Amino acid sequence: MKAIVLRGREDLIVEDVPKPEPGRGEALVRVTDCGICGSDIRYLRGENPWAQHTLGEFRPNPANIIPGHEVAGVVADVGEGVDAGLIGKRVGVLCFKVDETCPWCRSHMRHLCVNTVHLGHGAGQRGRTYYYGGMAEYVPVWAEHCFPLPDSVSSEDAALLDPFCVGLHAVHDTGPGKSVVIIGSGTVGLCAVACARALGATKILAADIKDNHLALARKFGADVTVNAGRENLKQAVMEFTAGLGAWLVADSAGMAIAEMLPLVIRGGRLVLLAVKDKPESLSPMLLAGERKVMTSANFDYPEFTQGLAMLESGRVRLGDLITHRFPIERGVEAFRVAGSKDGGAVKVMIKAA
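A brief report on the enclosed structure follows. Sequence order as written defines the numbering, with residues in each chain counted from 1. Given that this is a predicted model, residues contribute local features only at a pLDDT of at least 70 and side-chain atom pairs are listed and counted only at 80 or more, while totals for whole chains, interfaces and linings are drawn from all residues. Think of the side-chain values as coming from all heavy atoms in the structure, minus any hydrogens and water.

**With respect to helix 10 (residues 301–313)**
Along an α-helix, a turn takes 3.6 residues, which lines up residues three or four apart on a common side.
Step number 1: Helix and strand assignments come from DSSP, with helices taken as H or I runs of at least 4 residues and strands as E runs of at least 2, each series counted from the N terminus. Multiplying 1.5 Å by the helix residue count minus one yields the expected span of that helix. Over its 13 residues, helix 10 runs 19 Å from end to end, which matches the ideal 18 Å to within 8%, given 1.5 Å per residue.
Step number 2: Immediately downstream of helix 10, the backbone of G314 shows phi near 85°, a positive value.

Structure (structure tokens):
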């Protein structure tokens, strides 16, 4: 079968690889749609963003990763112990599996499990010839992580459930009476805007340096947008919040913490969706008034089903995120476009079927 293979740093090719067989408890999914995530670009550049952001560790990547964790498709076959009735179903894929026994899993924080096995980048797997992910014609998936799709949810929208749920996790505690500022209007930032709106946030401001991203932010529910390359972000946030600051400031752009904390209301929180290994100078006075700083990593299992329900309800549609579509044979070009943002790229989708 054809697959996009990351052989090593800056070494990406499309080649024929062995078609996998579903093991016990697995389904073999014929991939129809797989999004290129910003983390996929970082894997190409030799980083391991999952380990860095979730575990706070630097880990090397194995050779021969088949990227892709934003996946939807059709179940083509099942392994031992799986109901054959799943065959032929359109499914969205929850692409990581945890051990359920570690301190984090037992505390309902599965997304922080140190023993996570993850499709698309080799986490938790060792000694394989190929580390299967969604950028292939077929991918083996744990059967219980294949979620049948209602007719109202397109396969493209289902493939974007992963970044959508990352955004949902970041803003999960917002709601009526809450003001929200989303810094960075890439895929995850835009998903966070959509989630905040669906959860009932009263006021949403989105910031970015690209006007096409800000136009999407307005479409996804932002009340006000700010081009931070031309406008004073702090002044705009203060005007938007009557000088109080926002209850939630979520940053997916990697700005300095000292620049963002003044945007947070007393008792509010700053959520970092991007962490960098870069020292910062920070006065503790910026934390006065019970301001909180935390990172947001991935999402937990229940948020995947919540996200799917939100799509099924029609409150959210994600198709407008997709600016480019490429067949798997043009995978190297697709990565170039996604990494360079050529043609105003926001979400680039690999169409495997």
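**Considerations on the packing of aromatic side chains**
Step number 1: Two rings from Phe, Tyr or Trp (for Trp, the six-membered ring) form a pair when their centres are within 6.5 Å of each other. A pair whose planes differ by under 30 degrees is stacked, one over 60 is edge-to-face, and the rest are tilted. Following the criterion strictly, the structure yields four aromatic pairs and no others.
Step number 2: Ring pairing ties together the aromatic residues F96, F147, F299, Y301 and F304, which thus form one cluster.
Step number 3: Placement of a positive charge over a ring is assigned whenever Lys NZ or Arg CZ falls within 6 Å of the ring centre and within 35 degrees of the normal to the ring plane. A cation sits over an aromatic face here: K178 above W247, 5.9 Å from the ring centre.
Step number 4: One residue, K203, lies across the ring of F240, its end atom 4.7 Å from the ring centre.

**Looking at the sheet that holds strand 11 (residues 203–208)**
Step number 1: Think of it this way: DSSP has to see at least two bridges between two strands before they count as a pair. Taken together, six strands build an open sheet; the order of strands is 12-11-10-13-14-15 and the sheet is parallel. In this open sheet, the two edge strands, each paired with only one partner strand, are strand 12 (224–227) and strand 15 (292–295). On average, adjacent strands in this sheet sit at an angle of 15° to one another, irrespective of strand direction.
Step number 2: Sheet topology note: the strand 13 (residues 246–251)/strand 14 (residues 264–272) ladder contains five bridges and is parallel. Pairing of V249 across the sheet is with L270, part of strand 14. Axes here refer to lines fitted to C-alpha atoms; in helices the fit is confined to the stretch in contact. Angles between the N-to-C directions go from 0 to 180 degrees.

**With respect to the layout of surface pockets**
Step number 1: Only protein atoms enter the 1 Å grid used here. Points where a 1.4 Å probe fits but cannot escape make up a cavity, open sets with protein on both sides within 12 Å along at least five of seven lines make up a pocket, and a residue lines them when an atom lies within 4 Å of a point. Grid points are joined across faces, edges and corners, and a volume is the space filled by probe spheres set on the points. When its volume is computed, the largest pocket comes out at roughly 1400 Å³.
Step number 2: As for the largest pocket, its lining consists of 50 residues, of which G38, S39, R42, V188 and S252 are closest to the centre.
Step number 3: Of all the secondary-structure elements, those providing two or more residues to the lining of the largest pocket are helix 1 (38–44), helix 2 (49–55), helix 5 (161–170), helix 6 (187–198), strand 11, helix 11 (331–340) and strand 17 (347–351).
Step number 4: Its residues placed into classes, the lining of the largest pocket shows 22 nonpolar, 19 polar and nine charged. Three classes are used: nonpolar for Ala, Val, Leu, Ile, Met, Phe, Trp, Tyr, Cys and Pro, charged for Asp, Glu, Lys and Arg, and polar for all others, with Gly counted as polar.

**Brief notes about the pattern of salt bridges**
Step number 1: Any carboxyl oxygen of Asp or Glu that lies within 4 Å of a side-chain nitrogen of Lys or Arg is treated as forming a salt bridge with it. On inspection of all chains with the given rule, the structure shows 17 salt bridges.
Step number 2: With a closest N to O distance of 3.0 Å, R24 and E80 form a salt bridge. Remark: E80 occurs in the loop between strand 4 (70–78) and strand 5 (90–93) and R24 occurs in the loop between strand 2 (11–16) and strand 3 (26–36); sequence separation between them is 56 residues.
Step number 3: Across the pair D173 and R269 runs a salt bridge, and its minimum N-O distance is 2.6 Å.

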